[in-house]
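# Residue-level structural notes
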Amino acid sequence: MTLRGNCPRQLSSMMRSLLSTNAKPYSMFAMKEYPSGFFAGLAVFILVAFGIIIIDMIDGKVMVIGIDDWMREMQIRDLLADGNWRDMAQPYLQMPQIYISPWSRIVDFPYVIVTKLFSMAIPQQLAVKWAFLIVPPVMLLGFCAMVYALAFDVIGQSLSTLAIMIMALVMLPAILQFAPGRIDHHNMQLLAFTGAIWGVMHKGITGGIVVGLVCAISIGIGLETLPLIVGLYGALTLAWIGGEQGSGAMLKFAAITISIGTLIFAWLRHGSALLQVVECDAISLPYVMAAIVCGGILALCVQLENVVSSPRGRLALITIAGVIMVVALATAFPQCLQGPYAKIDASSRSFWLNYVPGEMDVFTGLQKGQKVYFYFLLPAAIISTMFIPVAYRRYQQGDWHLAVLVSCAIVALTSAIIQLRFFIFPVVLAAILVPAFVSFRLRNKQLQSELYGSKRLVVGVIGVAILAGLLSHLLSGPALSSRELYTLHYEECEGESFSVLTQVKPGRVIAPMGLSKAIAEGNYGHSVAALPFHRASPGISRVAKLFTSANIQVRQQAMAPFDYLAVCQVGKITNRDVAPLLVALMQGETVDGLSLIVGSQASRFQLFHIKQFPASK
């Protein structure tokens with residue numbers, strides 16, 4: 001585009017064009033209005049969701065709470081103690097170097113604010129506990145509102161109680177992420193990505209801004225949603241390429257907002273040092289550059305839509321620009337081509353990562369006994385796949401928003417099949433479509449006609465589901481191969497006295513990972529060598545070599561930087577091929593370089609002093 005004549009006038013015209021949309025002016029920023037029956041149904045859905053959580057908590061425990069929540073709690077408590085938002089060092093974990101957490105302060109923020117508010121009336125230690133209990137259910141209210149609104153938009157009418165019940169059951173694992181005490185980032189990621197889908201269905205400039213903002217927040221929280229965000233923006237781009245009304249406005253503002261938002265959240269994390277920080281497992285310069293460049297390309301391409309008006313021309317424009325962007329980013333940050341887990345060495349992978357269910361594909365998960373993932377992914381796969389023809393017919397009629405939702409459901413499902421860590425996203429997106437099928441069964445004529453054309457697909461999907469169910473029965477196996485590995489991964493010596501730790505000088509303890517968590521949680525003044533997180537790979541590797549290697553020199557080098565070794569007597573541990581040192585200690589054998597500390601003998605928890613070996617380089 002060339003500027004002729006009056007340049008200021010030309011520039012003003014360009015700015016007006018940049019902010020122009022295909023939508024009607026009065027609807028650009030309009031908020032969607034819902035009938036009164038909508039809120040009655042929403043109230044029922046919220047009650048059902050909270051009912052599920054209450055049932056789960058009857059035994060006093062929350063099913064999904066684990067070490068991630070405990071680590072988040074430790075990070076929040078550390079922040080409350082020193083008030084330093086950019087200090088991510090966690091001194092209770094030394095491998096022997098101090099662990100630097102990659103976790104975002106975005107998740108910590110609401111808990112800190114609520115704690116500060118409560119601290120005005122009650123002690124801070126009690127206030128933070130109340131914050132952990134209150135914040136997740138509050139987020140559940142917003143999550144339920146968006147999920148219900150999306151289901152309402154798909155069906156175009158109020159949801160029946162039956163539809164609400166089935167929808168809640170399909171997405172049960174996602175609802176449990178909002179239970180009191182579930183303070184890890186998964187619930188906030190669900191809230192963010194569901195908000196992005198709500199933005200798509202909301203339409204117009206407002207929807208585009210919502211999409212970009214919550215996707216930027218999601219990247220700021222963590223990188224696990226990147227495949228889903230790429231799928232979402234890809235679906236929006238395809239709608240624009242096809243010339244769908246309003247798609248250009250949404251894509252343009254979603255692109256601009258994610259670029260600015262990602263930069264802001266990265267600066268809040270790293271400050272002026274951002275330009276020097278390259279972290280492939282957390283928000284940093286590579287992802288800021290990707291967001292800015294990708295967002296700029298998409299916004300510019302939309303700006304040129306009047307020049308390149310044909311679908312083929314738009315596709316070529318996007319493709320050429322995209323290839324150039326990918327090559328440039330890969331050249332600038334080659335270290336990130338290895339993925340976020342490049343720091344994990346071979347010992348840590350074989351000892352720990354290969355046993356983490358979330359890192360497995362669905363078939364490996366079945367072989368390792370992780371049936372629960374399959375039971376929720378199967379209905380999600382059936383629902384999402386059966387809705388493809390409906391979405392396509394709606395697209396042909398000019399309603400491309402549903403096609404974006406279904407496309408995201410398929411992307412999420414594919415991601416979950418490849419890696420089970422994604423499984424809560426497809427179950428939520430599939431649950432949004434559930435009321436449409438219930439309405440079909442209740443003789444909703446429009447949906448009946450739309451779904452009737454996909455009856456062959458329905459039969460095929462059900463057939464595949466039956467075959468998959470049989471395969472799950474045949475492939476399913478034990479979660480862990482031995483009692484020794486279970487002890488090294490999970491045993492926390494529950495109910496035993498750890499008082500001997502208070503009787504010795506504070507130092508660094510190397511122990512099985514489950515026991516290490518119990519030691520750190522007890523706040524005895526000691527640091528531990530390893531916990532099950534990818535950045536703790538140096539410590540995990542040392543634990544693996546210490547307890548599973550038969551080579552005495554390898555074991556001595558692994559424990560050389562530490563002061564104490566701890567184990568928990570758990571009964572019959574006999575397989576020396578799996579864990580020779582663990583077996584020796586379980587059977588009370590004398591091990592060179594280790595001496596049992598008096599006071600450990602009365603408890604299953606046993607602490608040994610480590611002789612000072614020459615440290616490995």
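Bear in mind that the values here come from a model prediction, so they are computed numbers and not experimental data. (Residues numbered from 1 in each chain as written. Predicted model: local features only at pLDDT ≥ 70, side-chain atom pairs only at ≥ 80, totals over all residues. Heavy atoms only, no water.)

At the junction of Met95 and Pro96, the peptide bond is cis and its omega measures out at 15° in the coordinates. Take Pro96: it is sitting in the loop between strand S1 (89-94) and strand S2 (98-100). Despite not being glycine, Cys493 shows a phi value in the positive range, around 60°. Inspection of the secondary structure puts Cys493 in the loop between helix H22 (483-490) and strand S3 (508-510). Given a relative accessible area of 1%, Cys493 falls into the buried group. (Helix = DSSP H or I, 4+ residues; strand = E, 2+ residues; numbered from the N terminus. Buried < 20%, exposed > 50% of the residue type's maximum accessible area, 1.4 Å probe, protein only.)

With that out of the way, let us pick up the confidence of the model for the protein chain. Averaged over every residue, the pLDDT of the protein chain is 86; the share at 70 or more is 86%. The low-confidence segment residues 1-30 (pLDDT under 50) makes 29 contacts with residues lying over four places distant or belonging to another chain. (pLDDT = per-residue confidence, 0-100. Contact = heavy atoms within 4.5 Å.)

With that out of the way, let us pick up the packing of aromatic side chains. This model, assessed by the stated rule, comprises 15 aromatic pairs. Ring centres of Phe193 and Phe425 lie 6.0 Å apart, and the angle between their planes is 85°; this geometry places the pair in the edge-to-face category. A residue pair is termed long-range when its members are at least 10 positions apart, and Phe193 in helix H8 (residues 186-202) and Phe425 in helix H19 (residues 424-441) qualify at 232 residues. Judged by its relative accessible area of 4%, Phe193 is buried. Taking relative accessible area as the criterion, Phe425 reaches 4% and is therefore assigned buried. Arranged with centres 5.3 Å apart and planes meeting at 50°, the rings of Tyr486 and Tyr490 form a pair that is tilted. Of this pair, Tyr486 and Tyr490 both sit in helix H22, 4 residues apart, which is roughly one turn of the helix. Pairwise contacts between aromatic rings join Phe38, Phe39, Phe45, Tyr148 and Phe152 into one cluster. Residue placement shows Arg86 over the ring face of Trp267; its charged tip is 5.6 Å from the ring centre. (Phe/Tyr/Trp six-rings, centres within 6.5 Å; stacked < 30°, edge-to-face > 60°. Lys NZ or Arg CZ within 6 Å of the ring centre and 35° of its normal.)

So, about the pattern of salt bridges. Pairing between side chains of opposite charge can happen when their charged atoms approach one another. Summed over all chains, the structure comprises 11 salt bridges. Residue Arg182 pairs with Asp69 through a salt bridge whose shortest N-O separation is 2.7 Å. Separated by 113 residues along the polypeptide, Arg182 in the loop between helix H7 (172-176) and H8 and Asp69 in helix H3 (residues 67-82) bring together distant segments of the chain. Taking the relative accessible area as the measure of exposure, Asp69 reaches 3% and is therefore buried. Salt-bridge contacts for Arg535 lead to Glu279; the nearest nitrogen and oxygen are separated by 3.7 Å. Placement of Arg535 in the loop between strand S4 (527-528) and helix H24 (537-548) and of Glu279 in the loop between helix H11 (247-270) and helix H12 (285-303) is noted, with a sequence separation of 256 residues between them. Taking the relative accessible area as the measure of exposure, Glu279 reaches 18% and is therefore buried. Overlapping salt bridges, with partners in common, bring together Arg72, Arg105 and Asp108 in one network. (Salt bridge = Lys/Arg side-chain N within 4 Å of Asp/Glu carboxyl O.)

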